[in-house]
Amino acid sequence: MRNDERYEIERAFDLLPHVVGASWASVWFRMTGAKKPSREEYRTKTLEFLKMIEPVFDSYPDTAEFAEICKYVKSRQDTEYERITAGDNGEIEKRYDRYVDYG
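Predicted model only: the values in this text are computed from it and were never measured.

Chemist: Looking at this structure, I do not really get the overall build of the protein chain. What am I missing?
Modeler: Along the protein chain, the regular secondary structure elements total 5 helices and 0 strands. Reading the helices (α) and strands (β) of the protein chain from amino to carboxyl end gives α-α-α-α-α. Counting only C-alpha atoms and orienting by the principal axes, one finds that the protein chain spans roughly 50 × 20 × 20 Å. For the protein chain, with 103 residues in total, the buried portion stands at 33%. Within the protein chain, counting contacts between residues at least 6 apart in sequence, those at least 24 apart form 76% of the total. The protein chain carries 17 positive and 21 negative side-chain charges, and their two centres are separated by 7 Å.

Printed below as a string of structure tokens:
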């Protein structure tokens, strides 16, 4: 698969974890009064919210012409989930720091 064929998916996975996952997690912690959740709790909640949009990740048809992009989406999804859990997504970690500092 050419880079230009996966460009938009790459950009989406660069943004979705923190724009969707961490944003919704921050609001959830704020509304429940949790001012200092642990990093692990924050990552878990971020992942929980991100997983709610999984139907989008599975939205391409299971046909030969979409096989490569579907494989790429699944691979990138798994990688992003692992990065969040391991604390390797810098944007999520920044959002956590900002939340606990400024809640």
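So much for the structure itself; the text now carries on.
Chemist: Mind showing me how you'd approach the pattern of salt bridges here?
Modeler: When the charged atoms of two side chains with opposite charge come close together, those side chains can pair. Tallied over the entire structure, the rule returns 12 salt bridges. The partner of Glu48 in a salt bridge is Lys45, and the shortest N-O contact between them spans 3.1 Å. Separated by 3 residues within a single helix, Glu48 and Lys45 lie in helix α2 (residues 39–51), roughly one turn from each other. Via salt bridges that share partners, Arg6, Glu10, Arg11, Asp14, Arg76, Glu80 and Arg83 belong to a single interconnected network.

Chemist: Please clarify how helix α4 (residues 67–86) should be interpreted in this entry.
Modeler: A turn of α-helix holds 3.6 residues, and therefore any two residues three or four places apart point the same way. For α4, spanning 20 residues, the distance from its first C-alpha to its last is 29 Å, which sits close to the expected 28 Å at 1.5 Å a residue. Listing the buried residues of α4 in full gives Ile69, Tyr72, Val73, Arg76, Gln77, Glu80, Tyr81 and Ile84. For α4, the arc enclosing every buried residue in end-on projection is 165°, short of the 170-degree limit, so these residues lie on one face. Exposed residues lying more than 90 degrees from the buried face of α4 are Lys71, Glu82 and Thr85. Contacts from the buried residues of α4 go to α1 (3–31), α2, α3 (54–57) and α5 (90–102). Count one or two residues on from α4 and you reach Gly87, which has phi positive near 80°.

Chemist: Just checking my understanding: could you explain the packing of α2 against α4 for this structure?
Modeler: Relative placement of two packed helices is described by the angle separating their axes and the distance separating the axes. With their axes 8 Å apart at the nearest point, α2 and α4 run at an angle of 160° to one another. As judged from the angle between their axes, α2 and α4 are roughly antiparallel. Of the two possible hands of crossing, α2 and α4 adopt the one that is right-handed. Counted together, Arg43, Thr46, Leu47, Leu50 and Lys51 of α2 and Tyr81, Ile84, Thr85 and Ala86 of α4 form the full contact between these two elements. Residue composition of the contact of α2 with α4, grouped by class: 5 nonpolar, 2 polar and 2 charged.

Chemist: Sorry if this is basic, but what is going on with the packing of aromatic side chains here?
Modeler: The geometry of an aromatic ring pair is captured by the separation of the ring centres together with the interplanar angle, meaning the angle of the planes. Counted according to the given criterion, the structure contains 7 aromatic pairs. Judged by centre distance (5.4 Å) and plane angle (20°), the rings of Tyr60 and Phe66 are stacked. By relative accessible area, which is 25% here, Phe66 ends up partly exposed. The structure contains a cluster of three or more aromatic residues connected by ring pairs, namely Trp28, Phe29, Tyr42, Tyr96 and Tyr99. We note Lys45 situated over the ring of Trp28; from NZ or CZ to the ring centre the distance is 3.7 Å.

Reading the values: rules and limits
- Residues numbered from 1 in each chain as written.
- Predicted model: local features only at pLDDT ≥ 70, side-chain atom pairs only at ≥ 80, totals over all residues.
- Heavy atoms only, no water.
- Helix = DSSP H or I, 4+ residues; strand = E, 2+ residues; numbered from the N terminus.
- Buried < 20%, exposed > 50% of the residue type's maximum accessible area, 1.4 Å probe, protein only.
- Contact = heavy atoms within 4.5 Å.
- Lys, Arg positive; Asp, Glu negative; His and termini not counted.
- Charge placed at Lys NZ, Arg CZ, Asp CG, Glu CD.
- Salt bridge = Lys/Arg side-chain N within 4 Å of Asp/Glu carboxyl O.
- Expected span 1.5 Å × (residues − 1).
- Arc of directions from axis to C-beta.
- Axes fitted to C-alpha atoms, helices over the stretch in contact; angles between N-to-C directions.
- Parallel < 35°, antiparallel > 145°, perpendicular 65-115°, else oblique.
- Left-handed = near helix turned anticlockwise from the far one by under 90°.
- Nonpolar A, V, L, I, M, F, W, Y, C, P; charged D, E, K, R; others polar.
- Phe/Tyr/Trp six-rings, centres within 6.5 Å; stacked < 30°, edge-to-face > 60°.
- Lys NZ or Arg CZ within 6 Å of the ring centre and 35° of its normal.

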